[in-house]
Amino acid sequence: MGGNIQISLDTNGKLTIADTGIGIHKEKLKDIFNRYFRATKEQGGFGIGLNIVRHISTRYNIKIDVESEYKKGTKFIFLFS
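All of these numbers come straight from a predicted model, not from anything done at the bench.

Definitions and cut-offs
Residues numbered from 1 in each chain as written. Predicted model: local features only at pLDDT ≥ 70, side-chain atom pairs only at ≥ 80, totals over all residues. Heavy atoms only, no water. Helix = DSSP H or I, 4+ residues; strand = E, 2+ residues; numbered from the N terminus. Pairing = 2+ DSSP bridges. Axes fitted to C-alpha atoms, helices over the stretch in contact; angles between N-to-C directions. Phe/Tyr/Trp six-rings, centres within 6.5 Å; stacked < 30°, edge-to-face > 60°. Buried < 20%, exposed > 50% of the residue type's maximum accessible area, 1.4 Å probe, protein only. Lys NZ or Arg CZ within 6 Å of the ring centre and 35° of its normal.

### Overview of unusual backbone geometry
Point 1. Located in the positive-phi region is N61, a residue other than glycine, with phi close to 55°.
Point 2. Examined against the element boundaries, N61 turns out to sit in the loop between α1 (49-59) and β3 (62-69).
Point 3. With a phi angle near 70°, K71 is a residue other than glycine that sits in the positive phi range.
Point 4. Tracing the chain through its elements places K71 in the loop between β3 and β4 (73-80).

In structure tokens:
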């Protein structure tokens, strides 16, 4: 625990949410939006949160980019058109 979260929104419609958490292995990034997928067993959860985010983003034409480095953190970038 003890990580940080940074949230920023710029005037071009780019929302960035970054953390200094445990990160996600590169080979698991392709699956993080799949329902019930959990990249780790270290923390609780049911694996549906990012699936819901993807469905909402698809519905409202919001592009999502994800960058992550294991043991360093993850960054989600949302681009509103």
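### Notes on the sheet that holds strand β2 (residues 14-19)
Point 1. The four strands lie next to each other as β1-β2-β4-β3, forming an open sheet whose pairing is antiparallel. The open sheet terminates on both sides in strands that have one partner only, identified here as β1 (5-9) and β3. Across this sheet, the average inter-strand angle for adjacent strands is 10°, counted without regard to direction.
Point 2. Summarising the sheet, β1 and β2 pair through five bridges and their orientation is antiparallel. Within β2, the residue paired with S8 across the bridge is T16.

### Some remarks on the packing of aromatic side chains
Point 1. Taken as a whole and judged by the stated rule, the model has two aromatic pairs.
Point 2. Their ring planes at 85° and their centres at 6.5 Å tell us that F33 and F76 sit as a pair that is edge-to-face. Separated by 43 residues along the polypeptide, F33 in the loop between β2 and α1 and F76 in strand β4 bring together distant segments of the chain.
Point 3. On the accessibility criterion, F33 (14% relative accessible area) is buried.
Point 4. When the ring of F76 is compared with that of F78, the centres are 6.5 Å apart and the planes differ by 20°; the resulting orientation is stacked. Like F76, the residue F78 is buried in the burial classification.
Point 5. Site record: aromatic cluster; members linked through ring pairs are F33, F76 and F78.
Point 6. The ring centre of Y60 lies 5.7 Å from the NZ or CZ of R59, which sits over that ring.

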